[in-house]
Every structure is written in C-alpha cells, then in structure tokens.
Amino acid sequence: MTEVTVEKLAKIVGTPAEKMLMQMKEAGLKQSSPLDSVTDRDKKILLVFLKDQQRKSSKTITLKKKPSLEEFNKGTTIEIRRKNIKSQKIENEIPEDSKRIDFDEIEKKRIAGEENKKSEEERQRKEAQKKIFVKRKTKRDTEPPVIKRTKQGPINLKVADRKKPIKKENIILSKKEQKELEGEEFLNKQASEHGFEKPSEFVAKSIKVPQAITVSDLSKALSIKSSEVVKQLMDMGVMATLNQTLDQDTAILVTEELGHMAELAQEDLAEDKLVEMVSYEGKKEPRHPVVSVLGHVDHGKTTLLDFIRNSKIAEGEEGGITQKIGAYQAKTDQGTITFIDTPGHAAFSEVRARGAHATDIVILVVAADDGLQPQTEESISHAKAAGVPIVVAVNKMDLEGADSEKVRNELSSKDLIPEEWGGNTQFVNVSALKGEGIDSLLEAVVLEAEVLELEAHHNGPAHGIVLDSSTKKGQGAVATVLVQEGTLKIGDVILVGDQTKKIRSLLDENSSSLSLAGPSMPVLISGLDSPPRAGEEFVVVTSEKMAKEISRERAKKVRESRLARKQITNLESLFDSEKSSNLTLNLLIKADTYGSLEAILGSLKNFESEEIKLNIIHYSVGGINTNDVNLAITTNSIIIGFNVRTDNSSKKLADAEAIEISYYGIIYDLLDGVKEIIEGHLEPEIRDEILGTAEVKETFKSPKFGVIAGSFVLEGTIKRNKFARVIRDDIVIFEGRLDSLRRFKDDASEVSSGTECGIGIENYSDIKVGDKIEVFDKKEIRRTLS
C-alpha cells in the first residue's frame, strides 16, 4: 500500500493543501492536517466525491421553498444515505485494474508536458530571431548605393558607411530570458578576453612570513580557507582560532606542512641602521685576556680564583657552591687578567655556555680525586662550540687520593691531549688551597693570550655583552657587563634589549666607583628600568632618537612573540583540561639574578610529564612584592623565592589569603622542594593488603544479616569491617565489605587462622559451600617522582 501526505497529494494534483483538506472533509475523510497520510482507499473516495461534485455543478440551479427544520433533517438523512449507496455502487462498478490511481504517473506526465511546452516556445523564439536577421541582411544587400557629390567628383557610399541609424525590430523577451542572455554574453566576453581556466592541480605558493601573523592573514596569503590552516595546526598539536597570532617559526612550519614555501620577511627596521651608528676610527690596540673558569661543581673553581685575587669569596657563598656568574679583574705578576667565574651545578648550563662564548681562554678545573664528571664534559663541549683554547688545571693535588694521570687519560678520550703526550692542550697540576702551581697556570694562560694576539678599539662608543643582571636596593635594576670594544663612561646612552637608558654609575667587583671602563673590563652599571636578559648585547648610541625607535621595535617583537606563545598555551591548556584530569601546578618564581632564574626555569622542565604539567605564571628578577601576591591569589599559584624575600605588606597579604611562599638559598634545595610539592599533589597509589582467607563449610540464614557463611580460617586473620572478595573456582565473583563476624554466638572483631567463624557480607547472599572469602584492606601509598 502506497501512502502519501495530504500536502504531497495537493502538490501533485495542483491544488492548495487547505482546499484539499476542505474537500476531504466534505467527502467524509478524517484528515485534518497537511502532514496526515492518505491511503489508496482515501484517494478513491476523494475521486468519487470530486466527480460527483463536478456533475452537480453542471446541473441547473433552481430556487425552491425553504423547507422546515423537520423536513430539512429528514431530507439530509435521506441524502446522506443516497450518497453512501451511490458511492458504494460506483466503487463496485469500477474495475479492479482501474481502482488504483497512480498519481506519480500523472505528475510525471504533467512535468513532461511543461518541458515540451517550454522547448517549443524556445524553438519558436529562435526561429523568429533568425528570420529577422535574414530580413535585415537581405535589405542591406539589395539597397542601392548612394552617390555623394564632391569637388573631386561623385563618390559611391555603401549602406554600411551611412550614419543613418538602422531601426531595430522589437523582440519581446521575458525578464528571465533577458538575464540569461546577458549572462551568457558576459561570460563569453570574459572567456574570450582572459581565457581563464580553473586549475586542475595543486599550485604551490611562495609567501613571506613576518615576525607575527594571524591565522586569518596566513590563510589569505596562501589563498586557502582558514579552516584548512586551523586543521593543520590542530594536527601539529597547536590549538588556534582565526584571530590567533602565530609566531614566525610556527607560521613557516604550518605553511610548509600545507605544501607551500615560506621565506622570512625582510622588514625595514631601524635596527638595521645600528651598525652605521657604531663606528671606530684608528688602529686596534692590545687588550687584556678574558678567561672563563669552567668545571664540575665542588672541584675548586672559586677557591682557585680566591687565591689568585687574594680574596675569600668562596667562604661567603651559600652552601659552599657558586650559583651566579662572577666577573673580576686581577693584577698578577704576568699582567692583568679578567676572570669569569661560572657555576658548576647542572642547572647552570646556559650560564656556563654564556661564559664560554664571552671569553678568550677557558681554564677547565678538574679535581684530581674525582676525575671526569658530567659538567666537566659539558664545559668541554661549550668551549669547543665557542672555538676557544682550553688550559686544564688539575686541582686538589694535595689530597691523598689525587691521581693526575687518571685525569689525563680520561680527558684524552675527549680530544684534550696533553702537550707531554704530543698534544696541544696544557695540563697544570695545582692546589688551590695551598697555592701550589698557580704561577705555572697563569704563565700558561698568558702564553695562550700571546698566541691569540688579542686587540680591540679603545676609543669610540662601547659595546659588549650582559653577563648577569639583578635588582639592588637603592640602585634598582643593575647589570654586570663585559666591555668588548670602545670605552664605557658615566652618562652614556646605552641600548640594551628593549630599553634605552642613561648610565648613572659604574662599579667594579669591589663596589668602587669608576669614571670609565675600557675593553676586557667587567663593570656593574645602573640606571636601567628592568634587569636585562643575560647574554644580550649592549651598545652606546650617539642618536638617542634612533635608539628609542630601535627599543620600540624590539619591545613590539617581544610582546608579539610572547602573546602568540601565551594564547596558544592557554588554548592548549584549555583543551588539555577538557580531555584529561592531569595535575597542573601553577608556579610564580622570583630570583636574585637573571642567571639563577634562567637555571631554575630550565631545571623545572625536567619535572614535566604526561601526568604533571608545570605552568609558570610569572617569573622575574627581584623581591616578592604585593603585585606578585595578588597574581598568585588570582591564579591559585605557589610563590617560590630564590635568594629573595617579601616585604611586610606582601607577607601580611599572603598570610591573610593563605598563599604558600617557599624560600630557598641553594638551587638543589629549591629543586627538591618543588619535587616535594608535586609529590604532595599527586593522587596516592591504592594497594590491596590481604589479611586472611577463609573457606565456606556451611551456610545459614539470619533474619538480621541475611546469609551467614560458616567458615574455617585457612590463613591470616579475618577482621570485621574490612573489604572482602568471594572467590568461586578461583574466579572473583563479588567484592564488597565484611559487615558481620562471629565466633560461635559472640561478635568478634577478628578471628585468627585455624578457627571457625561466621561471616556475613554486606548486600550479598549468593554464598555457597566451597567458596573462599578473601579479606583485605586498602592502603594509600604516597607516590614519588622517579
């Protein structure tokens, strides 16, 4: 049986659905909504009714006397009966084959007829246009030429040369036909002019990527949909929106992943003119050597420098280890030498690398009783990367376990071959505590310096490198810099990082004021807005206007890069938090120097894993202030201070808001403290401790506890209110809690092995003879980081 809705049937027939419903209601059908279904029987009844209505409408209508109410009711009843009998009669008279009316076939024929009609009208219109064209052409060819009289004589003019307008024939077209005709003519014209063809293959584009670009702008440059760029970023693990700012590296990577080529955009920057601003005249003059002291922690680097400088710096260091870079200039019998002391702890890898790149010669200190260690190998790698010569100082030769030959053998495997073995590396045995071999070490350093022939310009604007930076009370932001060229003076305008400031003071390592500092001289400068990044270059500029423009450009780049990283990180954090419940720990870190801060941030990355995510909300150099505490309140962070303290107002606010502040003075204590904080936030590991096992010998029913298992304790101890498992045929079939334990008729808290007891398990009664009941307890074990 085929069923259609009233609405569809009305569409097939070509009648409004409301009119169709009224007709169906008059025919005695039950449909009341356009969405009601219509069966084949309903269609037959409706057809009979419509034919009957058509016959009635063809009869002559006569006016009769208005009948009374009784006559009207009687007549109506008779008429309804007559209609039912008549419709039944007609239905029976219709042959069986013609009873089913195929309305779909009717609709197909109607549509075919309309299409034939349209095609016939189109054919007639084209024939009419053709006749008009032929008529115009015949008239133009048969028209006699016109003779024009001129001074030169008569001239024949063709019809085409006349300026008389040709009368256009009126062709009546519908608006739709006119639009179609105009559209076809326009497309034909465009195709003839441009010859455009849709590309059938992928076309790789080459674009220039600036320092920062939004996803939307990148998609426009590549002429692709923004959704494709977003999808590719998601495949790369980066969550980004259309208005998201991407840094240059990410934009280039996603462009290449999409099959296109990317180049770095060459922007016209004021910084390009910086080289023109810094120029030197005259010849270079000799300068003092700069020597970095590298090595493993606790191998005696600072003690060695203390003996050379006749100072006691090592005694004042916290924990007996160096935790920040130090720069000193010492006058020796062999001449003035600038020393850079670097930390030996594993966390200070970047500090050691910076020291190696800012130096001329490296003194590698190795303890004779300890030999080659991880940071010793790392120091060798930094020195080789910087391309500077190495002088090995084998220290602690005064100890009983000292073995210099072992040190030479281990270092020879790292391509440091002693001169006495035919190599190029000088090895000197020393004792920093007793001062043995120090003169020989300094002679070796001076010898290397003579070979290098170190020179620099002494006159002109100074430039150099920032070794470290911090904040000091009464001075603000300060930086330890090493002058490499020119002369630095008080009042010079210095460009460092994204700030341009005037130098207020110059101090040496003993905090003595200086008026100027030449090449190879380390000094402490003040007058800065904020501590600059360690490793950044500084330069004295003559044009303050140009320097400020460069500062603004650098600040803009840093801001855009930070914003791009921050936005992507926030989106990734949001995505990660939605799909997992891993531990995220927010930290706010303050340190005394930029080098220490750098080391802390690098070391904290080692704690991250799939389960643990450390989110560094903020980090900076200086003491803990009220702004830091307010930020920790907002972000629910833990504040970590390294060799810094809070002021009174910040401490009161932190106590009132229950903000945790941890202070550390030694870096490995800080790392251990962060490790404990992470372990304290980890979910404990739950382990099962089996207490005892009993076998069911008989079962009893208790009105209070349900089924009681009469059991024999096989091993261990059965305790009440502990967890229990029911084991049948070595398969655990239930796990719950043991809520009843009796010894004969008395309640018992525990029953030992070798005795009988009655056991009841909470909410479980399907206990059978032969089952085993295993009683256990759950213990929480504190998790630790491996």
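What counts and what doesn't
Residues numbered from 1 in each chain as written. Predicted model: local features only at pLDDT ≥ 70, side-chain atom pairs only at ≥ 80, totals over all residues. Heavy atoms only, no water. Phe/Tyr/Trp six-rings, centres within 6.5 Å; stacked < 30°, edge-to-face > 60°. Helix = DSSP H or I, 4+ residues; strand = E, 2+ residues; numbered from the N terminus. Buried < 20%, exposed > 50% of the residue type's maximum accessible area, 1.4 Å probe, protein only. Axes fitted to C-alpha atoms, helices over the stretch in contact; angles between N-to-C directions. Parallel < 35°, antiparallel > 145°, perpendicular 65-115°, else oblique. Contact = heavy atoms within 4.5 Å. Nonpolar A, V, L, I, M, F, W, Y, C, P; charged D, E, K, R; others polar. Pairing = 2+ DSSP bridges. Arc of directions from axis to C-beta. Salt bridge = Lys/Arg side-chain N within 4 Å of Asp/Glu carboxyl O.

S.K.: Any chance you could explain the packing of aromatic side chains here in plain terms?
M.R.: In this description, an aromatic ring pair is defined by two values, namely the gap between the centres and the angle between the planes. Tallied over the full model, the rule gives 2 aromatic pairs. Both rings, one in Phe723 and one in Phe776, keep their centres 5.7 Å apart while their planes meet at 20°; by these two values the pair is stacked. Taken together, the residues span a long stretch of sequence, with Phe723 in strand S32 (residues 723-728) and Phe776 in strand S37 (residues 772-781) at a distance of 53 residues. Taking the relative accessible area as the measure of exposure, Phe723 reaches 21% and is therefore partly exposed.

S.K.: Any chance you could explain the packing of helix H8 (residues 226-235) against helix H9 (residues 248-257) here in plain terms?
M.R.: The relative placement of two packed helices is expressed as an angle between their axes plus a distance between the axes. Interhelical geometry of H8 versus H9 gives an angle of 105° and a closest axis separation of 10 Å. Comparing the axis directions of H8 and H9 gives the class roughly perpendicular. Between H8, through Val229, Gln232 and Leu233, and H9, the contact on the second element is made entirely by Thr250, Val254 and Glu257. Counted by class, the contact of H8 with H9 contains 3 nonpolar, 2 polar and 1 charged residues.

S.K.: Quick question: what am I supposed to make of the sheet that holds strand S27 (residues 612-621) here?
M.R.: The pairing of strands in a sheet happens through backbone hydrogen bonds and is either parallel or antiparallel. Across the sheet, which stays open at both edges, the 4 strands sit in the order S27-S26-S28-S29 with parallel pairing between neighbours. Pairing within the sheet leaves two strands with one partner each, and these edge strands are S27 and strand S29 (661-664). Sheet twist, expressed as the average angle between the axes of neighbouring strands with direction ignored, equals 25°. Two elements, strand S26 (residues 583-591) and S27, share 9 bridges in a ladder whose sense is parallel. Bridging across to S27, Ala591 finds its partner in Val621.

S.K.: Can you walk me through the environment of Val769 in this structure?
M.R.: Looking at the secondary structure, you find Val769 in the loop between strand S36 (756-761) and S37. For the pair Val769 and Thr699, spaced 70 residues apart in the sequence, the C-alpha separation amounts to 6.9 Å. If we ignore the near neighbours within four places in the chain, the residues touching Val769 are Val696, Lys697 and Glu698.

S.K.: Looking at this structure, I do not really get the sheet that holds strand S17 (residues 463-472). What am I missing?
M.R.: In spatial order, the strands read S21-S20-S25-S17-S18-S24-S22; together these 7 strands make up an open sheet with antiparallel pairing. Sheet topology places strand S21 (499-502) and strand S22 (505-507) at the edges, where each strand pairs with a single neighbour. The sheet shows a mean angle of 35° between the axes of neighbouring strands, taken without regard to direction. Across 7 bridges, strand S18 (residues 476-485) lies against strand S24 (residues 521-528) in antiparallel orientation. Across the sheet, residue Leu482 finds its bridge partner in S24, namely Pro522.

S.K.: Which parts of the structure should I look at to understand the environment of Ala547?
M.R.: Relative to the helices and strands, Ala547 is located in helix H16 (residues 544-579). Note: C-alpha distance between Ala547 and Thr500 (47 residues apart in sequence) is 6.4 Å. Excluding its chain neighbours within four sequence positions, the residues that come into contact with Ala547 are Leu495, Thr500 and Val541.

S.K.: Is there a simple way to explain the pairing of strand S5 (residues 206-209) in this structure?
M.R.: A regular strand places its side chains on the two faces of the sheet in alternate fashion. Burial along S5 is one-sided: the residues Ile207 and Val209 are buried and none of Ser206 and Lys208 is. Relative to strand S8 (residues 261-264), S5 is paired through 4 bridges, and the arrangement is parallel. Its bridge partner being in S8, Val209 is matched across the sheet by Leu264.

S.K.: Please explain H8 as it appears in this structure.
M.R.: Structural remark: α-helix, 3.6 residues per turn; residues separated by three or four positions point the same way. Listing the buried residues of H8 in full gives Ser226, Val229, Val230, Gln232 and Leu233. Within H8, the buried residues cover an arc of 160° as seen down the axis, which keeps them to one side. Facing away from the buried surface of H8 by more than 90 degrees, the exposed residues are Lys231 and Asp235. At its buried positions, H8 is contacted by helix H7 (215-222), strand S7 (245-247) and H9. Immediately downstream of H8, the backbone of Gly237 shows phi near 85°, a positive value.

S.K.: For this particular structure, what's the right way to read the pattern of salt bridges?
M.R.: Going through the model one piece at a time under the given rule, you end up with 17 salt bridges. Among the salt bridges present, the one from Asp415 reaches Lys384, with a minimum N-O distance of 3.9 Å. Of the two residues, Asp415 sits in the loop between helix H14 (404-412) and strand S15 (426-429) while Lys384 sits in helix H13 (residues 374-386), which places them 31 residues apart along the sequence. Classification of Asp415 by relative accessible area gives exposed; the value is 60%. For Lys384, a relative accessible area of 43% corresponds to the partly exposed category. Taking the shortest distance from any N to any O, the salt bridge between Lys722 and Asp777 comes out at 3.4 Å. One end of the pair, Lys722, is in the loop between strand S31 (706-719) and S32; the other, Asp777, is in strand S37, with 55 residues separating them in the sequence. Taking the relative accessible area as the measure of exposure, Asp777 reaches 19% and is therefore buried. Counted as one network, the salt bridges with shared partners bring together Asp688, Arg725, Glu735 and Glu774.

Fair warning: the whole summary comes from geometry, so function is off the table for now.
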